[in-house]
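Here is how the chains run, residue by residue.
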Amino acid sequence: MSPATAELFDQSVVPNYGRYPVCLVRGEGSRVWDDQGRQYLDLFPGWGCNLLGHCPPPIVQAVQEQVAELIHVPNTWHIESQGRWAKLLSDRSFGGKAFFCNSGAEANEAAIKLARLHTPEDRFKIITFQGGFHGRTYGATTATAQPKYHEGIGPLMAGFVYVPFGDLAAVRDAVDEETAAIMVEPIQGEGGIRIPPDGFLAGLREIADAHDLVLIFDEVQTGCGRTGHWFAYQDSDVTPDIMTLAKSLCGGIAGGAMLTTASIAPSLRPGMHAATFGGNPIAARAGIATIEMIEEGNLLDRVRELEQGFRTWLEPLIETIAIVKEVRICGLMVGIELQVDGTPIVAECMKRGLLINCTQQTVLRLLPAMILSDAELQEGCEILIDVLQNHIT
Ligand SMILES: *Cc1c(COP(=O)(O)O)cnc(C)c1O
């Protein structure tokens, strides 16, 4: 990238991100280009936000139309699109109501607040899971049971209890008369594409019902078609009381939502919660266009097809490449756990024009777009496999 851009960042941008020395200028589908004219195949587009690929035409069109008409009005008014968006989400999930915000962390803050409001005042504890990730605001960071994210920022918010992911006995032990809610990702994303054992979500539902707890599913990463269902929980016969969404919700535009049942929703009384930009005209139009694009293109079916493709290419690596420890795939969530640090693999892939991610040090993570072609899938897998095969530990 140009030295001038590097200098602007050095001088003027808070250094809280580990950034690659690459400046991206354009994207289309599963491709992005940098300011030197280099092209990349992006199997981690937008950190999970660009599930429809870069600059999906229906989203571009919806946003262009909307910005010329009405950019923002506060939630003291009605806008038809926000209501219609809420109904579309409700019809595709558990028939409840939506609160709109701008990010995953914000959606989770709303969920935490609502769970506490909905339960008796002496119930405030929220059970969350080790290795989980819920965002960076204080409530969401506290809900995130990973010590590395808590270092030096205490005191954290009171009332969170952490248990091992997948361990129902530990959840039962953790419940007491002060417990208000259980909050979980149906599949841990940032935690390394960790898929819980069969029956885990159903077990959480049983525990929640037995103790009158609010069951919150954080589907910020797993939702909106990522797993080949509208929402990951739909692969089980379990329904949450609250579900949070963001990332790919608006086809790459910033947006978040908390959905909850019609019986819980009134606990968030007028004046108790707000997000100034939540459900704004641009996000609402983009959110509606996202749902329409997925349905018109039968893209949920395409996710399941692409899942099979990734399985065919990547699952055999457990046998054929010594540093590959485990391959975990659900829809378009792909995790390749290595015996070694994944950072140099990501760097080598980038040199070869392929963008992927590494999380938890040793898990290569792919969150590809639904519009990936078979040829792109092959191209990406071939580069990745070649890099893994030639990696010298
Ligand atoms: C990314 C993510 C969040 C945080 O979303 P932001 O939009 O960055 O606040 C929360 N939960 C899960 C599961 C995520 O993957």
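Computed from a predicted model, the values in this text were never measured in an experiment.

Rules behind the numbers
- Residues numbered from 1 in each chain as written.
- Predicted model: local features only at pLDDT ≥ 70, side-chain atom pairs only at ≥ 80, totals over all residues.
- Heavy atoms only, no water.
- Helix = DSSP H or I, 4+ residues; strand = E, 2+ residues; numbered from the N terminus.
- Rg over C-alpha atoms; globule rule 2.2 N^0.38 Å.
- Contact = heavy atoms within 4.5 Å.
- Lys, Arg positive; Asp, Glu negative; His and termini not counted.
- Charge placed at Lys NZ, Arg CZ, Asp CG, Glu CD.
- Near = heavy atom within 4 Å.
- Polar contact = N/O pair within 3.5 Å; in protein donor to acceptor, adjacent residues only side chain to side chain.
- Areas by Shrake-Rupley, 256 points an atom, 1.4 Å probe, with all protein chains shown as cover.
- Nonpolar A, V, L, I, M, F, W, Y, C, P; charged D, E, K, R; others polar.
- Expected span 1.5 Å × (residues − 1).
- Buried < 20%, exposed > 50% of the residue type's maximum accessible area, 1.4 Å probe, protein only.
- Pairing = 2+ DSSP bridges.
- Arc of directions from axis to C-beta.
- Axes fitted to C-alpha atoms, helices over the stretch in contact; angles between N-to-C directions.
- Domains from an automatic or database assignment.
- Salt bridge = Lys/Arg side-chain N within 4 Å of Asp/Glu carboxyl O.

Visitor: Would you explain the overall build of the chain in this entry?
Guide: Secondary structure summary: the chain contains 12 helices and 15 strands in total. For 393 residues, the compact-globule formula gives about 21 Å, and the C-alpha radius of gyration of the chain, at 21 Å, lands near that figure. Look at the contacts in the chain between residues 6 or more apart in sequence, and 71% of them connect residues 24 or more apart. Here the chain contributes 29 positively and 48 negatively charged side chains, and the mean placements of these two sets differ by 2 Å.

Visitor: Is there a simple way to think about the site of the ligand in this case?
Guide: The full set of residues close to the ligand is S103, G104, A105, N108, F133, H134, G135, E185, D218, V220, Q221 and K247. In this structure, G104 approaches the ligand through a main-chain N or O atom, which is 2.8 Å from an oxygen atom. Separating a nitrogen atom of the ligand from a backbone N or O atom of F133 is a distance of 3.2 Å. Contact with the protein chains hides 82% of the accessible area of the ligand, taken as 390 Å² for the molecule alone. The element best represented in the shell around the ligand is helix α4 (residues 104–118), accounting for three residues. Along the lines of polarity and charge, the residues of the shell around the ligand split into three nonpolar, six polar and three charged.

Visitor: Got a minute to help me understand helix α7 (residues 200–211) in this structure?
Guide: Since there are 3.6 residues in each turn of an α-helix, residues three or four apart along the chain are aligned in direction. Taking 1.5 Å as the rise per residue, α7 with 12 residues should run 16 Å; its terminal C-alpha atoms sit 17 Å apart, in good agreement. Turning to α7, its buried residues are F200, L201, G203, L204, R205, I207 and A208. With its phi angle positive at about 60°, D212 sits one or two positions after the end of α7.

Visitor: How should the sheet that holds strand β1 (residues 24–28) be read in this particular structure?
Guide: Backbone-to-backbone hydrogen bonds join strands into a sheet, with any given pair of strands oriented parallel or antiparallel. Taking strand neighbours across the sheet as the criterion, the four strands line up as β1-β2-β3-β13 in an open arrangement whose pairing is mixed. Looking at which strands have only one partner, the edges of the open sheet turn out to be β1 and β13 (354–355). Relative to β13, strand β3 (residues 39–42) runs parallel, the two being bridged by two bridges. By the bridge assignment, D42 is partnered in β13 with L355.

Visitor: Just checking my understanding: could you explain helix α11 (residues 343–351) for this structure?
Guide: For α11, the full list of buried residues reads I345, V346, C349 and M350. The buried residues of α11 occupy one face: seen down the axis, they fall within an arc of 140°. Tucked into the core, α11 has its buried residues touching β3, β12 (333–338), β13, β14 (357–359), β15 (363–366) and α12 (374–389). One or two residues past the end of α11 sits G353, with phi positive at roughly 85°.

Visitor: Please explain the sheet that holds strand β10 (residues 256–260) as it appears in this structure.
Guide: In spatial order, the strands read β4-β10-β9-β8-β7-β5-β6; together these seven strands make up an open sheet with mixed pairing. In the strand order of this sheet, the two ends are held by β4 (97–101) and β6 (160–163), each with one partner. The mean angle between the axes of side-by-side strands here comes to 20°, regardless of whether they run parallel or antiparallel. Pairing between strand β7 (residues 179–184) and strand β8 (residues 214–218): four bridges, direction parallel. Looking at β8, one finds that A181 is bridged to V214. Taken strand by strand, helix α3 (residues 80–92) contacts β4, β9 (242–245) and β10, and its axis lies near 125° from that of β4.

Visitor: Could you clarify how one ought to interpret the side chain of R302 in this entry?
Guide: The topology assignment puts R302 in helix α9 (residues 299–314). Note on R302: relative accessible area 16%, which makes it buried. Excluding residues within four positions of it along the chain, R302 makes contact with M370, L372, S373 and D374.

Visitor: What am I meant to see in the environment of A284 here?
Guide: For A284, the location among the structural elements is in helix α8 (residues 281–296). What makes A284 buried here is its relative accessible area of 0%. Between the C-alpha atom of A284 and that of C250, which follows or precedes it by 34 residues, the distance is 7.7 Å. For A284, the residues in contact, after removing those within four places along its chain, are S81, Q82, W85 and G279.

Visitor: Help me understand the domain arrangement of the chain, please; the structure alone is not making it clear to me.
Guide: In terms of domain boundaries, the chain breaks down into domain 1 (3–55 + 298–389) and domain 2 (58–296). Using only C-alpha atoms to locate each centre, domain 1 and domain 2 end up separated by 25 Å. Between domain 1 and domain 2, the residue contacts involve 30 residues of the former and 31 residues of the latter. Where domain 1 touches domain 2, the interface holds one salt bridge. Here E337 ties to R194 by a salt bridge, and the two come within 3.5 Å at their closest N and O atoms. Counting across the domain 1 and domain 2 interface gives 14 residue pairs in polar contact (both at pLDDT 80 or more). Sorting the residues of the side of domain 1 that touches domain 2 by element identifies α9, β11 (324–330), β12 and β15 as the ones contributing at least two each. If you tally residues by element for the side of domain 1 that touches domain 2, the top one is α9, at five residues. Residue composition of the side of domain 1 that touches domain 2, by class: 18 nonpolar, seven polar and five charged.

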